Amino acid sequence: MGVLSLFGGRYKRGKNRNNGHSVAAAQADETLSGSLESDLDRLCELLAKPEDMNVRRLQIRATGEHAALIYIEGLVDAAEIHTNILKPLLLETEIGRQSPISIGRVEKAGNWSDTTSAILKGGSVLLVDGSREALVMGTQGWPQRDPTDPKMETSLRGAQQGFVETIQQNIALIRRYLPNRELTFKNLRVGRRGDTQVSIAYLADVANPDILQELTDRIGRLDVDLIINTGELAELIEDNPYSPFPQLLVTERPDAAVSHIAQGRFAVLVDRSPTVLVGPASFVSFFQNIDDYSTRWSIATFIRMLRFLAFFISIILPAFYIAVTSFNFELIPLKLLLTIGTFRGSVPFSPFIEAVFMELTLEMIREAGVRLPAPIGQTVGIVGGIVIGQAIVQAGLISNIMVIVVAFTAIASFILPNLDMVAAVRIIRFSLMIAAAMFGIFGLLVGLMILVGHMISLESLGTPFGSPFAPMRFSDWRDTLVRSPMWKLTRRPLSARVEQADRQGANRPKGDG
Amino acid sequence: MRKAAGLLGAALLAIIPITGCYDRIDMEKASLSLVSGIDIDGQHRAVHYTSIPVFNKAASRKSLELKVVEETQRQGRGYFDAYTTGSFNSRKVKAVVVSKRFTQEIPDWFRYMDVFFRDGRNPITSRMLIFDGPLDQLFNFHSPGEPILPLMLMGMLESTSGRSESVKTTLQEFHRQMNEEGQTPALPEVAIDQDAKIKGTALLDHHGRYIDTLSTQETILMRILQKSAGQGINFSLRLPPELTGATNKEDWISIATERVKVRIDPSYKDGRFRFAVGVRISASVVEKLSSLDLDEFNRQAEVACAKQIRDKLTNLLDKLKQDKIDPVGFGIYARAYHHRAFEQVKQNWGEAFGRSDVQVRVSVSFADEGSVK
Amino acid sequence: MKKYAFNEITTMQFIFIISGIAISYGFIEIPSVLYKKAGAGGWITLILGTLVTMAANLAIVQLMKKMPDGTILDLLAKYAGKWTARVAAVACTAYFLYFAYLGLVYSTRIIKARVLQETPGFLIVFMLLVPTYVIARSGIRIVGRYAELSMWLSVWIPFIFLLVWKHLHWLYLLPVLADGWRPVVAEVPSTFYYFLGFFSTAFLYPFLIKKEKAVLGVLCAHMITLLAYLFITILCFMFFSPHEMSTVNQLGIYMLKSVELPFLEQVEGLFIVLYLFIFSLSWIPTYYLTAFCLSWLTGRADHRPLMRILLAGTVVFSYFYLPGFNTVYRLSDWQAKVGMGFEYAAPVVLLGWVLLRDAIRNRGHRS
């Protein structure tokens, strides 16, 4: 009783109806008995006596009660336990009004499921003989890394920080940018066995409550074992997982996530995952990069337009080449026609086979280069790109023009800042190539029409994906095709459907000298 | 329901590749006719020519020329197909050449061009040319210094029409001219005289029959009247010796036009059309052989140049009136402003033009004398 | 009770659906028709025709104001009884289906003649109907977005046509009134065919968010249609010699064939295919409206199965028979006649009758 009485607050595992079958469900409300020995036995039985669980029996010096401290090594910060729990309990001779345990987060747990859950998550549990409540202390100290430069989304001028694998640290990284009362984190738990903490971050007075409700409902309805990655969560809650387009933005950078939160969107953080989901996303969000806002607006505009151009080139160019050389060669200017004709005359395959072959080769080289360690990866890239390409042309299997087309397409797709969109481009490109191979330019256009039709009917958390093109919203164009100067971005984008839209005052009022 | 739709979709998608791609023709498997020609042989039959590029790197010649005697262009295709490795098509014809004899001896020869307009995939931007001589000469002309026939023809045409020394008539333009009651057609004329060259402009009448040729100089004047002259047209004129005080060979002056404004005012009186043509030229002097002081005698020099140009224009117009042809398009003006009167003569505008009265006024002003005095 | 609550379209989408259905493939044929009927003053006929069309469309808007939350079928059900509305629904279904089918066949014929000569027609129809299904199955909102996007994507078309400026002779426009005013005014009804499709206003009205902008929207839509048509008509008049116009089919495409860009030659193969965006506006919204009428008739909320049957039926039908160009022209003539009655005359009559009934009812109440 003694020590425990100084603590208030009950430890709650968090509301998640889907958690638990078998052992956990049965024990959900079973309470501790009060007798130390029987409680310890029960605990070892419930947890199946893992090797890494440590049971430290002790006698609290001040009160003389027998107690046991249970924790799982590896999940806890051992130094904290030794210094702040064991030492005071063992050495303090008097307990005054305050407890000797100097741990920040301390709660009481009354039933077994909360207790076992706490142990499994890195807390330490103190069982005191005669007490029907266990003391749960937050002593988490599993191995984690410092925020380092995000691997995939590098920025030339932005912060060199990426999200880490612990959700509390990620929340802290976001709070650093927005020390504002309105920044709210709504916590949910996902996964029967994983019990992963998922946090939705948003600005309470800006973000749309309907979207919040939708997002919460979708995550709440999930019935899975565990979520390992944000990617899994994204696929489970997306509006249309069959679409080639991603509907939720995945980012590794705190500054990017915060930028979206400030525009009125929602960021979903998943524990143990260094990436964060941002929604609702529109088509143009995948073309925006945090660097656009650090560089000057004219060059940022130019690069934005280049990205859109690159998108079109990377989906259309091989298909256009196939269409033009197989169906509509009258489009090519005469001199180019003679050149291409000479090249193609020595190649045995049709343009479609050529194109598919080269694209598949490029995809294989790309995949090979991704997983290999750095030095080998680079060599493979060079060998693949230069040597194989050159050798294939000289052997007469593929024409020069095809290699140029494929290389240009690959470069264009690398310009896109978002990996999911690059993946989408790869899929779309193949479909358009097939369409062009069957019907020429007409097939290419029908493919584009289908793509457009699909994109305009796609929604991301209830917001139109094609905005600001599909429902044409000119005011949103300020941050899409062009990156307007900073003082002009006075309102949040309409695609976020915000409640409160002013984000800037007049920073360059007219008549300013 | 969903499953059924999915199966149906899959079935349809499977059918498409099985049935094949109908219109697909890989470029190297096509024999592209780049130049098409029609001539007439001794027995008064139409002979069709074609020039096809060879895409084989190992071949000695870069292009292949074929000819066949057939009734129509389309019929000639079968023959050409038999002789070429690829499948013949005329989707990329860059130039259509007709021989002068063909235009003179076949009435309404424009009918032979019908396939270019009717078939949806044939181009109408092909340039039309008239060849002075038998087409055998042109299609067998392989000069080692020149590229293949289509490139050679196109190149010559671009450079001369760029300087306004010849017209550039595409199939579409020719179609317009043939269907225009108020204008007679004009085609660039090619001849082989040691080397291939553009001789000038061939003028045809309403039915397409060859009537006359304009030299390159005359073509320049005609294009000025048509208001389609380019920039920097060169006139080399002789100033009157009273002005320059020079002996015979030194009174040349060359001017390059900067701006030419032409105004044509039609009127109708006493059963005849009258056209008042006003030409205002702003030019810079580029060459002056005499020692005439242009600062002092500026006005006189301008007037003298204007008179020279006026004489040239009048000669040209007299020639056109005598031939009873109107490549400039005076008839269009007549129709626009004097519709009723034009309606009466529109069946044979050439005649009416021959009877009409054309008054020319030219004024020249020197914008720039050049770097030396 | 808002029956059509979640399917809203903005004013701009409203404008673009109406003008899209009108313009679709009309701009290819309209110059030759205008010249044949009204001579060089044909563009005046066009302007007059637009004014008449605006008036007719405003009549529809006035009519729909009586029932802001329902389509014209609901209006008829209220004022004329259920069975009249049912008959009208059948008529509307047939009309829209005919409209869509003709637009589809015309586009297929153009593609077959200019781009894919040897591919069987039903394959082209099938290819065109796949995006139709993707777009039309999701409701009027998506159709509206598509109409908006297509019109913006087609805004380059006039600029391409301007590339033929070297071949233009403005003298061809004179004399404007060669035969006086009579042919110009008398031939105004022949332009009505090219404005058909504004009857969709009667179905779009309940979905419009800002109903007070309906009048403005209608006027804008017809202004856009007028500008598009006027542009191409005057351009054609300046491009072709007068006699030439009667010798050429599909003037718009012929003009396009003379465009030469520095990096692409013979661009009409590319541009005709790009025109498909705007051609498709003649059949995509109308297929949707057909399915909508059908679903109203059968009382179903979901129009998707009906849409699938319609589209599949069209593909199967075109496997067996695809009308040739001349048949298409004759069918269009017939459609023009029906359309004049349906779209121009009927709403005015209906408006008159509705006003009369309301007046009688009011008088009845007062007495």
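Heads up: the structure comes first, above all this text.
Now for a look at the structure at hand. (Residues numbered from 1 in each chain as written. Chains lettered and ligands numbered in written order. Predicted model: local features only at pLDDT ≥ 70, side-chain atom pairs only at ≥ 80, totals over all residues. Heavy atoms only, no water.)

1. Some details on the overall build of chain A
For the record, the criterion: Helix and strand definitions here come from DSSP, where helices need a minimum of 4 consecutive H or I residues and strands a minimum of 2 consecutive E residues; each element is numbered from the N-terminal end. All accessibility values rest on the Shrake-Rupley procedure with a 1.4 Å probe; residue burial counts only the protein chains present in the view. The sign given to each residue is positive for Lys and Arg and negative for Asp and Glu; His and the chain ends receive no count. In this description, the location of a charge corresponds to atom NZ of lysine, CZ of arginine, CG of aspartate or CD of glutamate.
Along the backbone of chain A there are 14 helices and 12 strands. When the accessible area of chain A is evaluated, it comes to approximately 23100 Å², of which 57% is carbon and sulfur surface. Once the 50 positive and 51 negative side-chain charges of chain A are each reduced to a mean point, those two points are 6 Å apart.

2. Re helix H7 (residues 230–237) of chain A
Residues and elements named next belong to chain A. Applicable threshold: Throughout this description, buried means an accessible area under 20% of the type-specific maximum (1.4 Å probe, protein chains only), exposed means over 50%, and partly exposed covers the range between. Think of the arc as the fan of directions from the helix axis to the C-beta atoms. When checking whether two residues touch, look at their non-hydrogen atoms; a contact exists if any pair is within 4.5 Å.
Of all the positions in H7, only Thr230, Leu233, Ala234 and Ile237 are classed as buried. With its buried residues spanning 100 degrees around the axis, H7 presents them on a single face. In the core, the buried residues of H7 are packed alongside strand E7 (196–203), helix H6 (209–220), strand E9 (266–270) and strand E10 (276–279).

3. Some points on the sheet that holds E9(A)
All names here are of chain A. Put simply, the test is: Here, a strand pair is defined by DSSP locating no fewer than two bridges between the strands. What counts as an axis is a line fitted to C-alpha atoms, over the stretch in contact for a helix, and the angles between N-to-C directions run from 0 to 180 degrees.
An order of E6-E7-E9-E10-E8 is seen for the five strands of this open sheet, with the pairing classed as antiparallel. Sheet topology places strand E6 (183–190) and strand E8 (249–251) at the edges, where each strand pairs with a single neighbour. Taken pair by pair, the neighbouring strands of this sheet meet at an average axis angle of 25 degrees, ignoring direction. Where E8 meets E10, three bridges bridge the pair, whose relative direction is antiparallel.

4. Focus on the pattern of salt bridges
All names here are of chain A. Counted only if it meets this: The term salt bridge refers to a side-chain nitrogen of Lys or Arg lying within 4 Å of a carboxyl oxygen of Asp or Glu.
Going through the model one piece at a time under the given rule, you end up with 52 salt bridges over all chains. Arg218 is the salt-bridge partner of Asp239, the closest N and O atoms lying 3.2 Å from each other. Here Arg218 lies in helix H6 and Asp239 lies in the loop between H7 and E8, a separation of 21 residues in the sequence.

5. Describing the sheet that holds strand E4 (residues 124–128) of chain A
Paired through their backbone hydrogen bonds, the strands of a sheet run either parallel or antiparallel. All names here are of chain A. Taken together, five strands build an open sheet; the order of strands is E1-E2-E4-E5-E3 and the sheet is antiparallel. Two strands bound the open sheet, and with one partner strand each, they are strand E1 (53–59) and strand E3 (106–109). Across the sheet, the axes of successive neighbouring strands diverge by a mean angle of 25 degrees, strand direction being ignored. Pairing analysis gives seven bridges linking E1 to strand E2 (residues 66–72), with the strands arranged antiparallel.

6. Examining a nonpolar patch on the surface
All names here are of chain A. The line we're drawing: Patch rule: a residue counts if its relative accessible area is over 30% and it has no salt bridge; like charges are joined within 9 Å, and nonpolar side chains (Val, Leu, Ile, Met, Phe, Trp, Tyr) within 5 Å.
Residues Ile299, Phe302, Ile303, Leu306, Leu309 and Ile415 make up a contiguous nonpolar surface patch of about 490 Å² in total accessible area. If one sorts the elements of the nonpolar patch by residue count, helix H9 (residues 297–326) sits on top with five residues. Secondary-structure assignment places Ile299 in helix H9.

7. Side note on the interface of chain B and chain C
Convention followed: Accessible-area loss on putting two parts together, using a 1.4 Å probe and summing over both, is the definition of buried area adopted here. Polar contacts, as counted here, are pairs of nitrogen or oxygen atoms within 3.5 Å of one another; within protein the pair requires one atom able to donate a hydrogen and one able to accept it, and residues that are adjacent in sequence qualify only if both atoms are side-chain atoms. Any residue that is not Ala, Val, Leu, Ile, Met, Phe, Trp, Tyr, Cys, Pro, Asp, Glu, Lys or Arg is counted as polar, Gly included; the first ten are nonpolar and the last four charged.
Between chain B and chain C, the contact holds 32 residues from the first and 33 residues from the second. Note on chain B versus chain C: buried area summed over both sides is about 3000 Å², and carbon and sulfur give 54% of it. Our count for the contact surface shared by chain B and chain C stands at three salt bridges. Residue Lys94(B) is joined to Glu265(C) by a salt bridge in which the shortest nitrogen-to-oxygen separation is 2.8 Å. In this structure, the connection of chain B to chain C is made through 14 residue pairs in polar contact (both at pLDDT 80 or more). Of all the secondary-structure elements, those providing two or more residues to the side of chain B that touches chain C are helix H1 (2–19), helix H7 (171–178), helix H11 (330–337) and helix H12 (339–345) of chain B. Top contributing element to the side of chain B that touches chain C by residue count: H11(B), with five residues. Counted by class, the side of chain B that touches chain C contains 11 nonpolar, eight polar and 13 charged residues.

8. Quick notes on the packing of aromatic side chains
The relation between two aromatic rings is expressed through the spacing of the ring centres and the mutual angle of the planes. Defined as follows: Stacked, tilted and edge-to-face are the three classes applied to pairs of Phe, Tyr and Trp rings, where Trp contributes its six-membered ring and a pair requires centres within 6.5 Å; stacked means planes under 30 degrees apart, edge-to-face means over 60, and tilted covers the rest. Here, a charge over a ring means that NZ of Lys or CZ of Arg falls within 6 Å of the ring centre while also lying within 35 degrees of the ring normal.
One pass over the structure, following the stated rule, counts 63 aromatic pairs over all chains. Between the aromatic rings of Tyr79(B) and Phe80(B), the centroid separation amounts to 6.1 Å while the plane-to-plane angle is 70 degrees, which identifies the pairing as edge-to-face. On the accessibility criterion, Phe80(B) (3% relative accessible area) is buried. In textbook terms, an aromatic cluster arises when at least three aromatic residues are bridged by ring pairs, as seen for Phe245(A), Phe283(A), Phe286(A), Phe287(A), Phe308(A), Phe311(A), Phe312(A), Phe465(A) and Phe469(A). Between Arg91(B) and the ring centre of Phe329(A), over which it is positioned, the NZ or CZ distance is 4.5 Å. Positioned above the aromatic ring of Trp83(C) is the side chain of Arg86(C), whose terminal nitrogen or guanidinium carbon lies 5.0 Å from the ring centre.

9. So, the interface of chain A and chain B
Taken together, the 25 residues of chain A in the interface contact 22 residues of chain B. Counting the surface lost from both chain A and chain B, the interface buries some 2100 Å², and carbon and sulfur atoms represent 70% of this. Counting every contact that joins chain A to chain B gives one salt bridge. Linking Arg91(B) and Glu330(A) is a salt bridge whose minimum nitrogen-to-oxygen distance equals 3.0 Å. Linking chain A with chain B are four residue pairs in polar contact (both at pLDDT 80 or more), by the criterion used here. The element that contributes the greatest number of residues to the side of chain A that touches chain B is helix H10 (residues 334–345) of chain A, accounting for 10 residues. Among the residues forming the side of chain A that touches chain B, the class breakdown is 14 nonpolar, eight polar and three charged.

10. Details of the pairing of E6(A)
Residues and elements named next belong to chain A. As judged from the eight bridges shared by E6 and E7, these two strands associate in the antiparallel manner. Counterpart to Phe185 in the pairing with E7 is Ala201. The hairpin turn running from E6 into E7, its antiparallel successor, is five residues long, and Gly191 in that turn takes a positive phi close to 105 degrees.

11. Focus: the side chain of Ser273(A)
All names here are of chain A. Considering the arrangement of structural elements, one finds Ser273 in the loop between E9 and E10. On the accessibility criterion, Ser273 (1% relative accessible area) is buried. For Ser273, the residues in contact, after removing those within four places along its chain, are Val164, Glu165, Asn170, Ile228, Asn229 and Thr230.

12. Quick look at the environment of Gly505(A)
All names here are of chain A. Within the secondary structure, Gly505 is located in the segment after strand E12 (463–464). For Gly505, a relative accessible area of 44% gives the class partly exposed. Sequence separation between Gly505 and Ile60 is 445 residues, and the spatial gap between their C-alpha atoms is 61 Å.

Everything listed here is a matter of geometry and, on its own, says nothing about what the molecule does.
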